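Working through the structure, step by step
Below, each chain spelled out in residue letters.
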Amino acid sequence: EIVLTQSPGTLSLSPGERATLSCRASLTVTSSFLSWFQQRPGQAPRLLIFGASSRATGIPDRFSGSGSGTDFTLTISRLEPEDFGVYFCQHYGSPLTFGGGTKVEI
Amino acid sequence: QVQLLQSGAEVKKPGASMRVSCSPSGYSFTANYIHWVRQAPGQGLEWLGWIDPKSGGTKDARKFRGRVSLTRDTSVTTVYLELNSLRSDDTAVYFCAREDAEYGFHFDYWGQGTLVTV
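Residues numbered from 1 in each chain as written. Chains lettered and ligands numbered in written order. Predicted model: local features only at pLDDT ≥ 70, side-chain atom pairs only at ≥ 80, totals over all residues. Heavy atoms only, no water.

1. Re the interface of chain B and chain A
Each side of the interface is counted separately: chain B has 17 residues, and chain A has 17 residues. Note on chain B versus chain A: buried area summed over both sides is about 1,500 Å², and carbon and sulfur give 72% of it. The interface formed by chain B and chain A contains 0 salt bridges. Summed over the shared surface of chain B and chain A, the result is 3 residue pairs in polar contact (both at pLDDT 80 or more). (Contact = heavy atoms within 4.5 Å. Buried area = accessible area lost by both parts, 1.4 Å probe. Salt bridge = Lys/Arg side-chain N within 4 Å of Asp/Glu carboxyl O. Polar contact = N/O pair within 3.5 Å; in protein donor to acceptor, adjacent residues only side chain to side chain.)

This is the structure in structure tokens:
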């Protein structure tokens, strides 16, 4: 089972700042199987990035994904007020696993 | 537009069974796998398994093997999650999610979630 470790646990930033979120896998993974989601309180997760670096439909270009092997990064270039929430990475493996999440707060 | 509509909240006693439904719309029901994911209060996400609505084939996470049942009814274009022998730590919001059929390996649409309290 691939274990995904996200860091930091909490990121305290202001609107307009840059956010850099990390997702580290316990073993090398195929980039095609790595996704990122945003979750706001009381809502379902929303797909941001799939295949490690492809933006999902309707996702603003301030969101970008990068990385390979065991280290992946989600970057939000300039935080908007609606970007605050919890971010999860996911690996489509057997079993499918999620990271523990990074909370982005004001 | 694609939507996944889930059934309403449930309250169950320990040892009982739960059943949550997920009714996709806005696309061909048999075109995409449906996955189930749960989230305990204040916790992260945990995958339970998937079902292929076309064939009825399923795969579940080892942790839930023997307790979980994933089924579908093509006549009403609905998939179901059943979890038996409920315990207090099964209290969670249960989500269904559609797997993208074009690129695969990720979930492009999610249901609104169903809170099950044990």
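Read on for the rest.
2. Remarks on the state of the cysteines
Taken as a whole and assessed by the stated rule, the structure comprises 2 disulfides over all chains. For Cys 23 of chain A, the disulfide goes to Cys 89 of chain A, at an S-S distance of 2.1 Å. Measuring the twist about the S-S bond at about 80°, one finds the Cys 23 of chain A-Cys 89 of chain A disulfide to be right-handed. With Cys 23 of chain A in strand β3 (residues 19–29) and Cys 89 of chain A in strand β8 (residues 85–91), this pair connects stretches of sequence that are 66 residues apart. Here Cys 23 of chain A falls in the buried class, since its relative accessible area comes to 0%. On the accessibility criterion, Cys 89 of chain A (0% relative accessible area) is buried. Sulfur-sulfur distance for the disulfide between Cys 22 of chain B and Cys 96 of chain B comes to 2.1 Å. Here the disulfide of Cys 22 of chain B and Cys 96 of chain B is right-handed, its torsion about the S-S bond being about 75°. One end of the pair, Cys 22 of chain B, is in strand β3 (residues 18–25); the other, Cys 96 of chain B, is in strand β9 (residues 92–99), and 74 residues separate them in sequence. Residues Cys 22 of chain B and Cys 96 of chain B agree in their burial class; the two are buried. (Disulfide = S-S within 2.5 Å. Helix = DSSP H or I, 4+ residues; strand = E, 2+ residues; numbered from the N terminus. Buried < 20%, exposed > 50% of the residue type's maximum accessible area, 1.4 Å probe, protein only.)

3. Some words on the pairing of β3 of chain A
Residues and elements named next belong to chain A. Relative to β3, strand β1 (residues 4–7) is paired through 4 bridges, and the arrangement is antiparallel. Each residue of the ladder has a partner; that of Gln 6, found in β3, is Cys 23. In the sheet, β3 pairs with strand β7 (residues 63–76) via 7 bridges, with the strands oriented antiparallel. Within β7, the residue paired with Cys 23 across the bridge is Phe 72. (Pairing = 2+ DSSP bridges.)

Taken by themselves, the reported measurements are silent on function.
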